[in-house]
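Results of the structural survey
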Amino acid sequence: MSTKDNKGTAVITGASSGIGAVYADRLAAQGYDLVLVARRADRLQELADRLGYAYGRKAKVIGADLSDDGDVRRVEQAIATDESVTLLVNNAGLGGQQVVADADADATERMIKVNVVALTRLTRAVLPGLLARNRGAIVNIASVAAYGTAIGGIYSGTKAYVVNFTEALQREVADTEVKVQVVLPGPIRTDFWELAGADLNSLNQDWVMTVDDLVDAALAGFAQGETVTAPGLADPAKLDAFIGARDSFYVSLIAGKPAARYAT
């Protein structure tokens, strides 16, 4: 049984397995009550029962498909009105390596709804309460694919949105006690790959991280005050250099006249 002070309630999406389930375990151990969200309500309940017994924390289950508009709104209502919420972990996500020409349009729409729309709406649902109480945090799980398009533009595009959205949100809350973190996993050994129709074993296995290592590193980065946590990045100066170069490039794009090469 946990003897830690109650830290409020952590809402975790995609909590029935993988990254979400490990986040649930670690956060319950830290003293959070839980709201666990995923499609597989039976697996969620098993997890909630186990964590409640192990750590003495309350764990509520919301079975919801975050690609379904009605389910998203149901989750929004539940968490927007819960004043105990102090942490949202937007972990739910769908993957796939489809190129645009061959992608199933309905599957693509579901991916965008889960990875982009649901993440945005659930963030919007809890943010006013966090700001009003001037405490709490939002953690968005993105991907290293946000910085590369080798596996296709659909999934990587959704994760690029998560990175940009989170960075802008960090500026928005900069003068408050609300914290916002984005996490950049590389290949992680979970059932995400099988569900996405991809073969994790085809990758260089030196690139593949365990889910426990990923979540523990993400939580360590959060505790250290990181706004961007890339568990596989050995030299954080590279991130600073990248952001500096990107910001300089952005400024160079803006001018009152077309560049000389476009003169007719």
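Structural notes, computed from the coordinates. (Residues numbered from 1 in each chain as written. Predicted model: local features only at pLDDT ≥ 70, side-chain atom pairs only at ≥ 80, totals over all residues. Heavy atoms only, no water.)

**Points about the overall build of the chain**
We count it as follows: Strands here are runs of E lasting at least two residues and helices are runs of H or I lasting at least four, both read from the DSSP assignment and numbered beginning at the N terminus. Values of the radius of gyration come from C-alpha atoms, whereas the globule rule sets the reference at 2.2 Å times the count of residues to the power 0.38. Per-residue accessibility, obtained with a 1.4 Å probe over protein chains only, is compared with the maximum for each type, and a residue is labelled buried under 20%, exposed over 50%, and partly exposed between these values. Note on areas: Shrake-Rupley, 1.4 Å probe, and residue coverage restricted to the protein chains presented here. Here Asp and Glu are counted as negative and Lys and Arg as positive; His is not counted, and neither are the chain ends. Charge positions come from single atoms, namely NZ of Lys, CZ of Arg, CG of Asp or CD of Glu.
Secondary structure summary: the chain contains 8 helices and 7 strands in total. Relative to the 2.2 N^0.38 estimate, which gives 18 Å for 264 residues, the radius of gyration of the chain is 19 Å and therefore close to what a compact globule would have. For the chain, the spread of C-alpha atoms along the principal axes amounts to about 70 × 45 × 40 Å. Across the 264 residues in the chain, those meeting the buried criterion constitute 43%. Here the chain has roughly 14000 Å² of accessible surface; of this, 53% comes from carbon and sulfur atoms. Computed over 26 positive and 32 negative side-chain charges, the inter-centroid distance for the chain is 4 Å.

**So, the pairing of strand S2 (residues 33–38)**
The cut-off we apply is this: We call two strands paired when DSSP finds no fewer than two bridges between them. A crossover gets the label right-handed when its path from the first strand over the helix to the second runs clockwise, viewed with the strands pointing away from the viewer.
With respect to burial, S2 is a largely interior element, 6 of its 6 residues being buried. Judged by which residues are buried, S2 turns out to be covered on both faces: Asp-33, Val-35 and Val-37 on one side and Leu-34, Leu-36 and Ala-38 on the other are all buried. Pairing analysis gives 5 bridges linking strand S1 (residues 9–13) to S2, with the strands arranged parallel. The residue of S2 that forms the bridge with Thr-13 is Val-37. Each parallel crossover has a hand, and for S1 linked through helix H1 (residues 18–30) to S2 it is right-handed. Judged from the 5 bridges that link them, S2 and strand S3 (residues 59–63) form a sheet pairing that is parallel. Across the sheet, Ala-38 pairs through a bridge with Gly-63, a residue of S3. Handedness of the crossover is the feature at issue here: the chain leaves S2, passes through helix H2 (residues 41–55), returns alongside S3, and the resulting connection is right-handed.

**Overview of unusual backbone geometry**
Positioned with a positive phi, Asn-134 is a non-glycine residue whose angle comes to about 55°. Structurally, Asn-134 can be placed in the loop between helix H4 (105–133) and strand S5 (137–141). Among the residues examined, Asn-134 registers a relative accessible area of 37% and is labelled partly exposed.

**Some thoughts on the nonpolar core**
As a rule of thumb, nonpolar side chains are buried together in soluble globular proteins. Which entries qualify depends on this criterion: Buried Ala, Val, Leu, Ile, Met, Phe, Trp, Tyr and Cys residues that are joined via side-chain atoms within 4.5 Å together make up what is termed a nonpolar core. Residue contacts follow a heavy-atom distance rule, with two residues in contact if any of their heavy atoms lie within 4.5 Å.
Val-37, Leu-66 and Val-75 are the most contacted members of the largest nonpolar core, which has 34 residues in total. For this core, the secondary-structure elements that each account for two or more residues are S2, helix H3 (69–80), strand S4 (85–90), H4, helix H5 (153–172) and strand S6 (179–183). Once residues within four sequence positions are removed from consideration, Leu-66 is found in contact with Thr-13, Val-37, Val-72, Val-75, Ala-92, Lys-113, Val-114, Ala-118 and Leu-122. Within the second largest apolar cluster, 31 residues are counted, among which are Val-22, Ala-24, Ala-28 and Ala-48.

**Side note on the sheet that holds S2**
Rules: Helix axes are fitted to C-alpha atoms over the stretch in contact, other axes to C-alpha atoms as well, and angles between N-to-C directions run from 0 to 180 degrees.
A sheet is described by the order of its strands in space; here 7 strands give the open sequence S3-S2-S1-S4-S5-S6-S7, paired in parallel fashion. Two strands close off the open sheet at either side, each with one partner strand: S3 and strand S7 (228–229). Those strands touched by H3 are S1, S2, S3 and S4, and its axis lies near 155° from that of S3. Across the face of the sheet, H4 comes into contact with S1, S4 and S5 while running at roughly 155° to S4.

Remember, this is a structural readout, not a statement about activity or role.
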